[in-house]
Amino acid sequence: MNLLLKSVCRGGPAAALCCRSVACGGVVMPERTKLKFMDKVPTLKKVRREMKRLKDISGPERKLNTFTTGHYGIVALGGGYLHWGHMEMMRLTINRSIDSRTMFAVWRIDAPYKPITSKGLGKRMGGGKGAIDHYVTPVRYGRLVVELGGHCELGEVERVLSEVAKKLPFPAKVVSRESLAAMQQEEAEKLLNNQNPWTFEQIAVSNMLGIRKVLSPMDLRHHGRFAGKFRVPGRV
Amino acid sequence: MAATLCSRFLPKQSWLPLAHAVRHGSKAVTRHRKPVHFLKQKLLAVTEYVPPRSEGCARNPRVSHTQQDSRVVAFLSKQVKATFQQSKMIAVVQNNSTTAEDMLMLKHRLRKHDIFVKFFPNQVMRDYLANSKYSNMELLFIGPTVLFVSKEPKVKEMLQILRGSPQMVLIGACVEDTLMSRQGILQYSQLPSLATVQGQVVSGLNVLTSQTAAMLHRHPAHLSALLQQYLKQRSEGTSEVGIPESQEATTT
């Protein structure tokens, strides 16, 4: 695991010369510029079948939703599972299009680790849980999937990234650092300047009119903004 | 099999997840969009995002309306300017549903006293007044207004005629560059004519001097009155003496 030292950018006369960190808009090229190969199956001593735990897809991504090294990337606008086929598609398309001397691409998701079982075709119900069929990576709304950086502009990478984004199993969008920050700030501002005196959270938490009869625990957590893995548009 | 059959009919608009959900409800996270309970739909409708109103947007649409027909507006504003320059009295009256017949009668009566009835659009009036010295009159021009203009300030006659038509409400008037309210106009009409007022002013100024003259003359006047009285008494006395003398003369 790479430990990236965060450089604290202090202003002043020397800033223009020595401050070349990524946060200040500088470009730091990594050693391997292309997307690395992802294993189809994780290397584990003990292979265990797991429960579905669909909550790993629902709701917003709270931690891995900001840029680290790159400047442009794909952000997920819905929940879903990425399997090895998706990752191969991404890897091949992006590696083909980037110039390895000036641009670099970085994975922001892990290799598939969650086992998905399948009973096989035509089998009757019963007889225990099925065998592991394949592995997937869960992705939530707001997660960054892949990052691009280097000495390049948005116009150059936008074409490739949008092609990749269309093929993903969830709705996705090409973003830059600034546009993602703007998106997140807009959502935060909407929360503050909402003129409606009634909010979903207030009514659900205080169980006004016994509305919790028709609400689920997810509604209490996500305040009506998410329905399953989908982000309900227009909800604040 | 019933379960699989039922699953096809799930995504209907009017299907309510009441009894069916208990039998074989789907999980919380599904591939399809789950039908939302009607009460939850209502809750979502009530708690929708309401953006803050920006003030600039509300004001802008009003500005564009005055750009229409600039030539007509220019002509009207010239007419307004001319009326203000020529007339000494300008009364603003609000007409509430006056019939054409009543309007005609009113115009006839006013015309006899050389008062003209003018109609101008409020917007044109306000634009003209804002740039002129009559800017305080802008407030009067709200609603259906009519102008009564005349060269001589004939307030009393105008009030008498307006008393006859109750639906015409006098709001205010500008008489000889003085803006007056309704009460002010009534008081103005009750003022006496200029000659009498002048006479009153002159007499008032002369009061002091006449009083001092009278005071100065009091002593000599008193003295002369006393002397006259004395003379009168003396003449009466001599005449009394004379009368007996004459009587004596006559008798003798």
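Residues numbered from 1 in each chain as written. Chains lettered and ligands numbered in written order. Predicted model: local features only at pLDDT ≥ 70, side-chain atom pairs only at ≥ 80, totals over all residues. Heavy atoms only, no water.

(A) Just unusual backbone geometry, in detail. Backbone geometry places His223 of chain A, a non-glycine residue, at a positive phi of 55 degrees. Residue classification places His223 of chain A among the partly exposed positions, given a relative accessible area of 22%. Positive phi is not limited to glycine here, since Glu176 of chain B has a value of about 50 degrees. You can see Glu176 of chain B is positioned in the loop between β4 (168-175) and β5 (178-180). Residue classification places Glu176 of chain B among the partly exposed positions, given a relative accessible area of 43%. (Buried < 20%, exposed > 50% of the residue type's maximum accessible area, 1.4 Å probe, protein only. Helix = DSSP H or I, 4+ residues; strand = E, 2+ residues; numbered from the N terminus.)

(B) Layout of the sheet that holds strand β5 (residues 131-139) of chain A. Residue and element names in this part refer to chain A. Strand order across the open sheet formed by 3 strands is β2-β5-β4, with antiparallel pairing between neighbours. The open sheet is flanked by β2 (80-83) and β4 (114-118), the only strands paired with a single partner. Within this sheet the neighbouring strands show an average axis-to-axis angle of 55 degrees, counted without direction. Where β2 meets β5, 4 bridges bridge the pair, whose relative direction is antiparallel. Residue His83 lies in a different strand from β5, and its bridge partner there is Val136. Packed onto the sheet, helix α2 (residues 84-97) meets β2 and β5 and runs at close to 70 degrees relative to β2. (Pairing = 2+ DSSP bridges. Axes fitted to C-alpha atoms, helices over the stretch in contact; angles between N-to-C directions. Contact = heavy atoms within 4.5 Å.)

(C) Focus on the interface of chain B and chain A. On the chain A side, the residues contacting the 19 residues of chain B number 25 residues. For the chain B and chain A pair, buried surface summed over both sides reaches about 1900 Å², with 69% attributable to carbon and sulfur atoms. Counting the surface chain B buries against chain A, the share from its top three residues, Val29, Leu43 and Tyr49 of chain B, is 33%. Where chain B meets chain A, there are 1 salt bridge. Among the ionic pairs, Asp219 of chain A bridges to Lys40 of chain B, the shortest N-O distance being 2.9 Å. Of the residues assigned to the side of chain B that touches chain A, the class counts are 10 nonpolar, 4 polar and 5 charged. (Buried area = accessible area lost by both parts, 1.4 Å probe. Salt bridge = Lys/Arg side-chain N within 4 Å of Asp/Glu carboxyl O. Nonpolar A, V, L, I, M, F, W, Y, C, P; charged D, E, K, R; others polar.)

(D) Spatial organisation of the nonpolar core. Residue and element names in this part refer to chain A. If you look at the biggest cluster of nonpolar residues, it comprises 28 residues, and the most contacted ones within it are Leu82, Met90, Ile94, Trp107, Ile109, Leu148 and Leu161. For this core, the secondary structure elements donating two or more residues are β1 (72-76), α2, β3 (103-107), β6 (144-150) and α3 (154-166). With 5 residues, α3 is the largest single contributor of residues to this core. The contact partners of Trp107, leaving out residues within four places of it in the chain, are Leu35, Lys36, Met38, Met87, Met90, Arg91, Val145 and Val146. (Core = buried A, V, L, I, M, F, W, Y, C linked by side-chain atoms within 4.5 Å.)

(E) Representation of the packing of α2 of chain A against α3 of chain A within the structure. Residue and element names in this part refer to chain A. The contact between α2 and α3 brings their axes to 10 Å, and the two run at 170 degrees. Considering the angle they form, α2 stands roughly antiparallel to α3. Between α2 and α3, the residues in contact are Met89, Met90, Thr93, Ile94 and Ser97 and Val160, Leu161, Glu163 and Val164, respectively. Its residues placed into classes, the contact of α2 with α3 shows 6 nonpolar, 2 polar and 1 charged. (Parallel < 35°, antiparallel > 145°, perpendicular 65-115°, else oblique.)

(F) Just helix α9 (residues 182-189) of chain B, in detail. Residues and elements named next belong to chain B. Listed as buried for α9 are Gly184, Ile185 and Ser189. Relative to the axis of α9, the buried residues are bounded by an arc of 135 degrees and lie together on one face. In α9, those exposed residues whose orientation departs by more than 90 degrees from the buried face are Gln183 and Gln187. Buried positions along α9 lie against α8 (155-164), β4 and β5. (Arc of directions from axis to C-beta.)

(G) Structural detail: the side chain of Arg231 of chain A. As for its placement among the helices and strands, Arg231 of chain A is situated in strand β9 (residues 230-231). You can call Arg231 of chain A buried: its relative accessible area is 15%. Within the structure, Arg231 of chain A has its side chain in polar contact with the backbone oxygen of Arg235 of chain A (distance 3.4 Å). Filtering out sequence-adjacent residues up to four positions away, Arg231 of chain A remains in contact with Leu77, Tyr141, Glu187, Arg225 and Phe226 of chain A together with Arg33 of chain B. (Polar contact = N/O pair within 3.5 Å; in protein donor to acceptor, adjacent residues only side chain to side chain.)

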